[in-house]
Amino acid sequence: MTEVLSVASEVFPLVKTGGLADVAGALPAAVAPHGVTMTTLVPGYPAIRAALGDARPLHRYDNLLGVEAQLLESRLGSFPLLVLDAPALFQRSGGPYGDSHGVDWTDNWRRFAALGRAAADLASGLLSDRHYDILHAHDWQAAMGAAYLSYAPLSARRAASVVTVHNIAFQGRFDRAIFDFLGLPPHAYAVEGVEYYGGVGFLKAGLYTADAITTVSPTYAREIRMPEFGMGLQGLIATRQDIVSGIVNGIDPAIWNPQTDTDLVKRYTSATLANRKTNKTAVEAGFNLSPGDGPLFTVVSRITWQKGMDVLAGQLDVLVAAGARLALLGTGEAALEAQYRAAAARHPGRIGVAIGYNEKISHLLQGGADAILIPSRFEPCGLTQLYGLAYGCVPVASRTGGLADTIVDANEAAVTAGVATGILFDGVTGERIGDAINRTVALYGQPAVWRSLQRQGMKADFSWQRSGARYAALYQGLLARAQA
Ligand code: ADP
Ligand code: GLC
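1. Quick word on the pattern of salt bridges
Counted under the stated rule, the structure contains 17 salt bridges. In this structure, Lys16 engages Glu359 in a salt bridge whose closest nitrogen and oxygen atoms are separated by 3.2 Å. With a gap of 343 residues between them, Lys16 in the loop between β1 (2-7) and α1 (19-31) and Glu359 in helix α14 (residues 359-368) connect regions that are remote in the sequence. For Glu359, a relative accessible area of 22% translates into the label partly exposed. Measuring nitrogen to oxygen at the nearest pair gives 3.0 Å for the salt bridge that ties Arg439 to Asp409. One end of the pair, Arg439, is in helix α18 (residues 430-444); the other, Asp409, is in the loop between α16 (401-406) and α17 (412-417), with 30 residues separating them in the sequence. The exposure class assigned to Arg439 is partly exposed, which follows from its relative accessible area of 30%. Its relative accessible area of 12% is what places Asp409 among the buried residues. Sharing partners across several salt bridges, the network here consists of Arg56, Glu73, Asp129 and Arg130.

2. Some words on the packing of α14 against helix α15 (residues 384-391)
Put simply, α14 and α15 touch, their axes get as near as 8 Å, and they point 50° apart. The angle between α14 and α15 places the two elements in the oblique class. In this structure, α14 meets α15 at a crossing whose hand is right-handed. Across the interface between the two elements, His363, Gln366 and Gly367 of α14 pack against Thr384, Tyr387, Gly388 and Tyr391 of α15. Grouping the constituent residues of the contact of α14 with α15 by class yields two nonpolar, five polar and no charged.

3. Considering the site of ligand 1
With respect to spatial proximity, 20 residues lie near ligand 1, and among them Lys16, Gly19, Asp22, Arg302 and Gly356 are the closest. One of the side-chain N or O atoms of Arg302 is found 2.7 Å from an oxygen atom in ligand 1. Within the complex, the protein chains bury 93% of what would otherwise be the 560 Å² of accessible surface of ligand 1. Within the residue set of the shell around ligand 1, elements represented by two or more residues are α1, β13 (296-303), β14 (325-332), α14 and α15. Ranked by the residues each element gives to the shell around ligand 1, the list is headed by β13, at three residues. In terms of residue class, the shell around ligand 1 is made up of five nonpolar, nine polar and six charged. Both of domain 1 (2-250 + 465-483) and domain 2 (273-461) provide at least three residues apiece to the shell around ligand 1.

4. Notes on the sheet that holds strand β18 (residues 423-425)
The strand order β15-β14-β13-β16-β17-β18 describes an open sheet built from six strands, whose pairing is parallel. Two strands lie at the open edges of the sheet, namely β15 (351-355) and β18, each paired on one side alone. Put simply, the sheet's adjacent strands are angled 15° from each other on average, direction ignored. Here β13 runs beside strand β16 (residues 371-374); their pairing, made up of two bridges, is parallel. Bridge pairing links Phe297 to Ala371 in β16.

5. Things to note about helix α4 (residues 108-123)
The end-to-end C-alpha separation of α4 is 22 Å, in line with the 22 Å expected for 16 residues at 1.5 Å each. For α4, a buried count of 14 out of 16 residues is recorded, marking the element as mostly surrounded by other parts of the structure. Just downstream of α4, Gly125 is the residue with a positive phi angle, here 85°.

Quick notes on the rules
- Residues numbered from 1 in each chain as written.
- Chains lettered and ligands numbered in written order.
- Predicted model: local features only at pLDDT ≥ 70, side-chain atom pairs only at ≥ 80, totals over all residues.
- Heavy atoms only, no water.
- Salt bridge = Lys/Arg side-chain N within 4 Å of Asp/Glu carboxyl O.
- Helix = DSSP H or I, 4+ residues; strand = E, 2+ residues; numbered from the N terminus.
- Buried < 20%, exposed > 50% of the residue type's maximum accessible area, 1.4 Å probe, protein only.
- Axes fitted to C-alpha atoms, helices over the stretch in contact; angles between N-to-C directions.
- Parallel < 35°, antiparallel > 145°, perpendicular 65-115°, else oblique.
- Left-handed = near helix turned anticlockwise from the far one by under 90°.
- Contact = heavy atoms within 4.5 Å.
- Nonpolar A, V, L, I, M, F, W, Y, C, P; charged D, E, K, R; others polar.
- Near = heavy atom within 4 Å.
- Polar contact = N/O pair within 3.5 Å; in protein donor to acceptor, adjacent residues only side chain to side chain.
- Areas by Shrake-Rupley, 256 points an atom, 1.4 Å probe, with all protein chains shown as cover.
- Domains from an automatic or database assignment.
- Pairing = 2+ DSSP bridges.
- Expected span 1.5 Å × (residues − 1).

Okay, structure coming up:
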């Protein structure tokens, strides 16, 4: 058995703000069939502490980057879970990264350096009865784990490290002044270390020190070598190219399956697609939409620049003029949220907007809407198009990152061959999005073609089977190298 410590700042179903939680929650089961036991380490936020009940303390820190902390042992479903309980850092109301107004906590450097420090300790033999072969750190919040590990005293029990980039736009950049509190040797403050543009970069440090780097789709793995996508880290990614790979995310069939989904009013398979009508009626009722002949689009997304939500907001009149409707669920930038609310007021019965985060409604939208719009400027993998494919909710998306890798565009050749699963467009501009909306409306008007798009999507295999095997092979390759 290969023992892996997976470290993440969120994990479904305990704490989720985005796709990272879904992936961290699904990985243990994904790699289990391939000889990997995965333990997950997460911060002890209030929601996690509340879900734990009486967890067993495994280790106590009198001073972990200036605070008292302990490591608690629990379970995530049937898999092992470790919780870094540090009340001074994690017991506060608000979200995992900021207060209830979305303002980042000013001590995020200490919170996530502490997470990394604890991860590195565990991965270098802190507990005499646990051994980890691999430390797998997700995103900047966990990336310091790899850095601390690389500066830890060499011991035979030290794990190899993998850093996965779920989104290179979030880098964990802090002022130079925090370096003195990180407990790293002075020489670590260098280009060959944690220094990043005159400050400290957590993701940079992880990418520089990791034994392997992955990201969540092959296309994004290529894109982040370029300045438009690498956001300052393209040079580092390019020099470490031989250890970078792209492994596309899967979806958890226990949670996302229209045949068994209890959040749907009516469940269905590709043979009973007509049942979706009942869910559509529920969406219409919930979003105050009048019935109509054109397609019902949905958006389930963070309302942000990354997701192209500013450009889409400018095309809503086009969408309505084409005879379509929209039900949007999301939260994000206040100014953009206001634009969507205003569009709903302008087009009563045609555009319905729910500002908020609601897991249950997100399932109903996938099971009731006809098409899901994903006009992202960049998208490392994207999960909502995968849920859309599985639910017969046809994705309409920009050709970038994981969207390009998982959707087959309905061009004429693909439609004729019966292999198309969605609509892809190039470039996130108003004109391109408008064209894609019109193309979708036209395809929806051809019921046989539309059914074929839905059925092909539902047939596609986005289970964790293949990607679970790829992560396992990566871990086992690193282990073999370490033992050689
Ligand atoms: P990202 O992680 O960049 O936000 P992904 O597509 O990878 O994008 O994952 C987003 C996840 O968050 C999906 O599971 C999606 O269903 C969910 N989600 C996004 N916004 C909402 C919302 N307002 N309510 C419920 N779920 C949401
Ligand atoms: C990030 C990315 C998203 C990806 C998710 C899970 O949030 O923005 O594209 O699907 O991580 O890997």
